[in-house]
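# Secondary and tertiary structure notes
Chain residues, written in single-letter form:
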Amino acid sequence: MTDAAAMEASLVAVADAGVAIRHALFDRFFAAFPDRRASFMIVDASSRRMTDETLAMMLGLAKGEGWVWPLVAELVFTHRAYGPLPIAEYDAFIDLTVDVLAVAAGTAWTPETATAWQCHADALKVMIRKARAEWESAMPAGVPQRAE
């Protein structure tokens, strides 16, 4: 079974169970980073989007999709509006996504599934670091940007 197939099977298991992992994900994220809650005006909307995007980017990486890099780069740039987000928060959010998915998938979560998700979670973390470095190089913090 390919990584993508194993990952999709776990998503189907979660959907079949009727579990919305975003609730557990955001509960755990805010428990780890309580000060970050103030950054979210509408947690319900943000939790849906961020959970879906994170899962989609990891699955997209597993499938070799070309749209993943531009989306990662855009999201990292957009997040600059919230100040310098620590890489540890990105890493934690991605790891927590995999953790809550594993719990929700139940018996459908196999060692192969865990390896596939973790591999692409790690790849997403690398992409985030690359995007951040490229944006910082192109638009250093503290340097006023000219409005066109």
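Residues numbered from 1 in each chain as written. Predicted model: local features only at pLDDT ≥ 70, side-chain atom pairs only at ≥ 80, totals over all residues. Heavy atoms only, no water.

Attention now moves to the pattern of salt bridges. Enumeration over the complete set of coordinates arrives at ten salt bridges. Lys125 serves as the salt-bridge partner of Asp122, at 3.6 Å between the closest nitrogen and oxygen. Of this pair, Asp122 and Lys125 both sit in helix H6 (residues 111–138), three residues apart, which is roughly one turn of the helix. (Salt bridge = Lys/Arg side-chain N within 4 Å of Asp/Glu carboxyl O. Helix = DSSP H or I, 4+ residues; strand = E, 2+ residues; numbered from the N terminus.)

Moving on: the packing of helix H3 (residues 43–63) against helix H4 (residues 68–78). Contact pair H3 / H4: the axes reach a minimum separation of 10 Å and the direction vectors enclose 145°. Regarding H3 and H4, the two cross each other, and that crossing is left-handed. Where H3 abuts H4, its residues Arg49, Glu53, Met57, Gly60 and Leu61 lie against Val68, Leu71, Val72 and Leu75. (Axes fitted to C-alpha atoms, helices over the stretch in contact; angles between N-to-C directions. Left-handed = near helix turned anticlockwise from the far one by under 90°. Contact = heavy atoms within 4.5 Å.)

Before going further, it helps to examine the nonpolar core. With 39 residues, the main nonpolar core has Met58, Val72, Trp117 and Leu124 as its most contacted residues. Counting residues per element, this core draws most heavily on helix H5 (residues 87–105), which supplies ten residues. Not counting the four nearest positions on each side in its chain, Met58 is found in contact with Met7, Ile94, Thr97, Val98, Trp117, His120, Ala121 and Leu124. (Core = buried A, V, L, I, M, F, W, Y, C linked by side-chain atoms within 4.5 Å. Buried < 20%, exposed > 50% of the residue type's maximum accessible area, 1.4 Å probe, protein only.)

The next point concerns the confidence of the model for the protein. Considering every residue of the protein, the mean pLDDT works out to 91; 94% of them sit at 70 or more. At the low end of the mean pLDDT range in the protein sits H4, at 93; at the high end sits H5, at 97. (pLDDT = per-residue confidence, 0-100.)

H6 packs onto H4 with a crossing angle of 55° between their chain directions and a minimal axis gap of 9 Å. As the angle between them shows, H4 and H6 are arranged oblique. With respect to the hand of their crossing, H4 and H6 are arranged in right-handed fashion. Contacts between H4 and H6 pair Val68, Trp69, Val72, Ala73, Val76 and Phe77 from the former with Leu124, Met127, Ile128, Lys130, Ala131, Arg132, Glu134 and Trp135 from the latter. When the residues that make up the contact of H4 with H6 are grouped by side-chain class, the tally is eleven nonpolar, no polar and three charged. (Parallel < 35°, antiparallel > 145°, perpendicular 65-115°, else oblique. Nonpolar A, V, L, I, M, F, W, Y, C, P; charged D, E, K, R; others polar.)

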